[in-house]
Amino acid sequence: MQRFVTAENKKWWTLGAVSVGLFMIMLDNTVVNVALPAMRTSLHMTLSELEWVVAGYALTFAAFMLIGGKLADFVGRRLMFAVGLGVFTAASLACGLAPNGGFLIGARVVQGLGGALMNPATLPIITATFPPRERGKAIGIWAGTAAMALAIGPLVGGVLTEHVNWNWIFFINVPVGILGLLAIPAFIDESRDTSADQRLDVPGLAASAIGLFSLTYAFIEANSYGWTSTRIIGAFLVAAVSLIAFVLLERHQRAPMLDLSLFRNRTFSGANASMLFVGLAMFGTFFYVSLYMQNVLGYSPVQAGASFLPMTVLIILIAPRAGALTDRVGSRWLVGGGMSLLAVMLLYYSQLGVHESFWALLPGLLIGGVGMGMTMTPVTAAAMSAVAVDKAGVGSAVLNSARQVGGSLGIAVMGAIVASGISSGVANGDPQPVAYVHGFHDALRVAAVLCLAGALVAVLAIRKVEHREHATAAAIEVA
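Residues numbered from 1 in each chain as written. Predicted model: local features only at pLDDT ≥ 70, side-chain atom pairs only at ≥ 80, totals over all residues. Heavy atoms only, no water.

A. Just the overall build of the chain, in detail. In terms of regular secondary structure, the chain is built from 17 helices and 2 strands. With respect to the principal axes defined by its C-alpha atoms, the chain has extents near 70 × 50 × 45 Å. Looking at the chain as a whole, 59% of its 479 residues are labelled buried. Of the contacts made within the chain by residues no fewer than 6 positions apart, 85% connect residues no fewer than 24 positions apart. Taken as a whole, the chain presents about 17800 Å² of accessible surface, with 68% of it coming from carbon and sulfur. Taken together, the 27 basic and 23 acidic charged side chains of the chain have centroids lying 7 Å from each other. (Helix = DSSP H or I, 4+ residues; strand = E, 2+ residues; numbered from the N terminus. Buried < 20%, exposed > 50% of the residue type's maximum accessible area, 1.4 Å probe, protein only. Contact = heavy atoms within 4.5 Å. Areas by Shrake-Rupley, 256 points an atom, 1.4 Å probe, with all protein chains shown as cover. Lys, Arg positive; Asp, Glu negative; His and termini not counted. Charge placed at Lys NZ, Arg CZ, Asp CG, Glu CD.)

See below:
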């Protein structure tokens with residue numbers, strides 16, 4: 001092993017080990033999308049249950065991300081990365097063995113918990129491992145890995161669903177997770193926040209989890225129970241009270257889960273707001289574009305997954321280069337331009353009908369690939385440049401929570417718009433595919449507006465931060 005791992009190249013082995021774990025948890029955000037029709041048939045699931053398969057993972061990921069970041073800083077980043085990877089691997093096995101929809105949703109929730117414990121440790125490990133002059137490049141590879149996993153998920157899901165079984169989109173995580181657990185001690189050094197005042201914020205965790213769950217539940221189930229039903233209005237009220245309570249708790253806790261003072265930094269706030277808009281717009285888009293390809297255009301799972309390849313290739317090529325460019329020119333205009341391109345892609349798709357060929361889909365995929373590649377790395381670099389190294393765990397958790405909160409709410413909001421459009425179309429006598437496309441178009445237009453809002457926030461708020469050491473070596477204990 002020493003022949004391959006030297007003092008000079010160990011940091012790149014560390015980045016590789018972290019990226020493998022990151023790839024797994026990001027892949028599971030989108031790998032299920034193409035497999036949804038097969039799951040629905042196999043386990044006799046409703047549309048709202050399918051939404052929960054995706055939203056349940058994203059929601060738990062978001063709700064526990066901050067506590068995962070706090071634990072990473074408190075007990076050690078390597079330790080929490082290993083614990084999260086173990087939980088994620090075990091939950092993946094349970095997902096593949098699911099006998100019904102309820103069991104699958106429950107296993108996905110646990111899988112999201114594993115991801116929430118693992119993911120916040122990845123950026124702090126990179127930040128503690130790489131010197132400032134190389135962090136942009138390393139974060140570019142990190143963000144490119146995440147973006148590639150999100151983009152390649154549909155293809156992996158399509159191949160496994162069509163040629164093996166949908167269960168294998170989860171089973172494939174098991175051997176990779178075991179290898180990752182074996183590699184962690186060899187390639188990753190331990191690091192933690194050594195400041196004195198560290199404790200867990202259980203009231204904050206409870207308030208945020210209840211608020212996010214209630215809000216997502218209200219959007220997903222509103223079309224089933226009615227927007228004015230007591231159940232849905234009650235869920236919105238619980239969400240509002242819980243999220244207000246969360247903010248008040250975090251303002252007055254001695255050691256809050258979310259340090260609200262971080263948001264006094266304009267760049268940090270702008271980067272997180274932009275990431276929230278990315279999640280809101282794009283998670284629901286990937287979900288419903290996959291259903292559009294299979295249920296409306298008649299694509300097979302492999303055809304649907306392969307259709308995303310042009311976007312995937314562009315993300316792989318552009319994201320690392322965007323990271324290197326961020327080191328020189330900053331993130332502001334890259335994020336603004338990238339999110340504007342995503343809005344163009346969404347508006348383009350909102351014009352497509354029920355008899356489109358792949359060549360009609362291709363321009364949008366190319367525009368979206370460039371937009372995603374330009375956005376993800378610079379927005380991540382902007383957020384992480386604005387926090388001290390010894391607080392990188394919480395900073396990373398806030399950023400990833402913004403994406404996952406946006407994702408879970410995006411699926412719910414887009415689902416509500418699509419379902420409303422389907423109901424209106426069916427009531428007007430439209431065939432099911434035509435009714436779906438009407439709702440799909442409405443959702444895409446809303447998503448485009450969200451992307452433009454994110455672009456505006458990025459341009460107005462994000463500023464270039466010069467590389468500097470935010471903490472001395474004494475502030476970080478490296479085992």
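B. Structural detail: the packing of aromatic side chains. Scanning the model with the defined rule gives 11 aromatic pairs in all. Ring centres of phenylalanine 263 and phenylalanine 268 lie 5.4 Å apart, and the angle between their planes is 65°; this geometry places the pair in the edge-to-face category. The class for phenylalanine 263 is partly exposed, based on a relative accessible area of 32%. Sitting over the ring of tyrosine 225, arginine 231 keeps its end group 4.2 Å from the ring centre. (Phe/Tyr/Trp six-rings, centres within 6.5 Å; stacked < 30°, edge-to-face > 60°. Lys NZ or Arg CZ within 6 Å of the ring centre and 35° of its normal.)

C. Focus on the environment of glutamate 51. Locating glutamate 51 in the fold gives a position in helix H3 (residues 47-75). A relative accessible area of 3% means that glutamate 51 is categorised as buried. A sequence separation of 248 residues divides glutamate 51 from tyrosine 299, and the C-alpha atoms of the two residues are 20 Å apart. With residues up to four places along the chain from it excluded, the contact list for glutamate 51 reads Gly56, Ile220, Phe287, Tyr288, Ile411 and Gly415.

D. Region of interest: the environment of valine 370. The residue valine 370 is located in helix H15 (residues 358-385) in this model. When the C-alpha atoms of valine 370 and leucine 342 are compared, they prove to be 8.4 Å apart, with 28 residues separating the residues in sequence. With near-sequence residues (within four places) excluded, valine 370 lies in contact with Leu314, Ile318 and Leu341.

E. Inspection of the nonpolar core at higher detail. Counting residues in hydrophobic clusters, the biggest one holds 143 residues, and the most contacted among them are Met39, Leu104, Met282, Tyr292, Leu346, Leu361 and Tyr436. Here this core takes 17 residues from helix H11 (residues 266-296), the largest share from any one element. Sequence-distant contacts of methionine 282, defined by excluding residues within four places in its chain, comprise Leu342, Met345, Leu346, Met372 and Cys451. (Core = buried A, V, L, I, M, F, W, Y, C linked by side-chain atoms within 4.5 Å.)

F. Main features of helix H10 (residues 230-252). The terminal C-alpha atoms of H10 lie 33 Å apart, and with 23 residues this matches the ideal 33 Å at 1.5 Å per residue to within 8%. Residues of H10 that are buried: Ile232, Ala235, Ala239, Ser242, Phe246 and Glu250. (Expected span 1.5 Å × (residues − 1).)

G. Fine view of helix H8 (residues 173-187). The terminal C-alpha atoms of H8 lie 20 Å apart, and with 15 residues this matches the ideal 21 Å at 1.5 Å per residue to within 8%. Buried within H8 we find Asn173, Val174, Gly177, Gly180, Ile184 and Phe187. Residues of H8 that are buried in the fold lie against helix H1 (10-30), helix H4 (77-96), helix H5 (101-129) and helix H7 (168-171).

H. Main features of a nonpolar patch on the surface. A contiguous nonpolar surface patch, about 330 Å² in accessible area, is contributed by Ile178, Leu179 and Leu182. Mapped onto the secondary structure, leucine 179 falls in helix H8. Assessed through its relative accessible area of 57%, leucine 179 is described here as exposed. (Patch = residues over 30% accessible without salt bridge, like charges linked within 9 Å, V, L, I, M, F, W, Y side chains within 5 Å. Salt bridge = Lys/Arg side-chain N within 4 Å of Asp/Glu carboxyl O.)

I. Geometry of the side chain of serine 274. Within the fold, serine 274 resides in helix H11. Apart from the residues within four sequence positions on either side, serine 274 is in contact with Val335, Met339, Val379, Gly454, Val457, Ala458 and Ile462.

J. Broad picture of the environment of alanine 91. The residue alanine 91 is located in helix H4 in this model. Assessed through its relative accessible area of 4%, alanine 91 is described here as buried. Residues alanine 91 and phenylalanine 170, 79 residues apart in the sequence, show an inter-C-alpha distance of 8.7 Å. Once residues within four sequence positions are removed from consideration, alanine 91 is found in contact with Ala107, Val110 and Gln111.

K. View of unusual backbone geometry. Within the chain, histidine 44 stands out as a residue other than glycine whose phi angle is a positive 55°. For histidine 44, the position within the fold is in the loop between helix H2 (36-43) and H3.

L. Local environment of the side chain of asparagine 119. Note on placement: asparagine 119 falls in helix H5. Every residue in contact with asparagine 119, bar those within four places of it in the chain, is listed here: Leu22, Ile25, Met26, Phe61, Met65, Ser396, Asn400 and Arg403.

M. Examining the packing of helix H13 (residues 309-329) against H15 more closely. In contact at an axis separation of 7 Å, H13 and H15 are set at 25° when each is read in the N-to-C sense. Between H13 and H15, the crossing angle belongs to the class labelled roughly parallel. Judged by the sense of rotation from one axis to the other, the crossing of H13 with H15 is right-handed. For the contact of H13 with H15, the residue count by class is 16 nonpolar, 6 polar and no charged. (Axes fitted to C-alpha atoms, helices over the stretch in contact; angles between N-to-C directions. Parallel < 35°, antiparallel > 145°, perpendicular 65-115°, else oblique. Left-handed = near helix turned anticlockwise from the far one by under 90°. Nonpolar A, V, L, I, M, F, W, Y, C, P; charged D, E, K, R; others polar.)

N. Representation of the confidence of the model for the chain within the structure. For the chain, mean pLDDT is 81; residues scoring 70 or higher make up 90% of the total. Here residues 467-479 is modelled with pLDDT under 50, and outside its nearest four sequence neighbours on either side it reaches 27 contacts, counting other chains as well. (pLDDT = per-residue confidence, 0-100.)

O. Examining the packing of H3 against H4 more closely. Two elements in contact, H3 and H4, have axes whose closest approach is 8 Å; the angle formed by their N-to-C orientations is 150°. Taken as axis vectors, H3 and H4 run roughly antiparallel relative to one another. Along this stretch, H3 crosses H4, giving a crossing that reads as right-handed. For the pair H3 and H4, the contacting residues are Tyr57, Leu71, Ala72, Asp73 and Val75 in the first and Arg77, Leu79, Met80 and Phe88 in the second. Of the residues assigned to the contact of H3 with H4, the class counts are 7 nonpolar, no polar and 2 charged.

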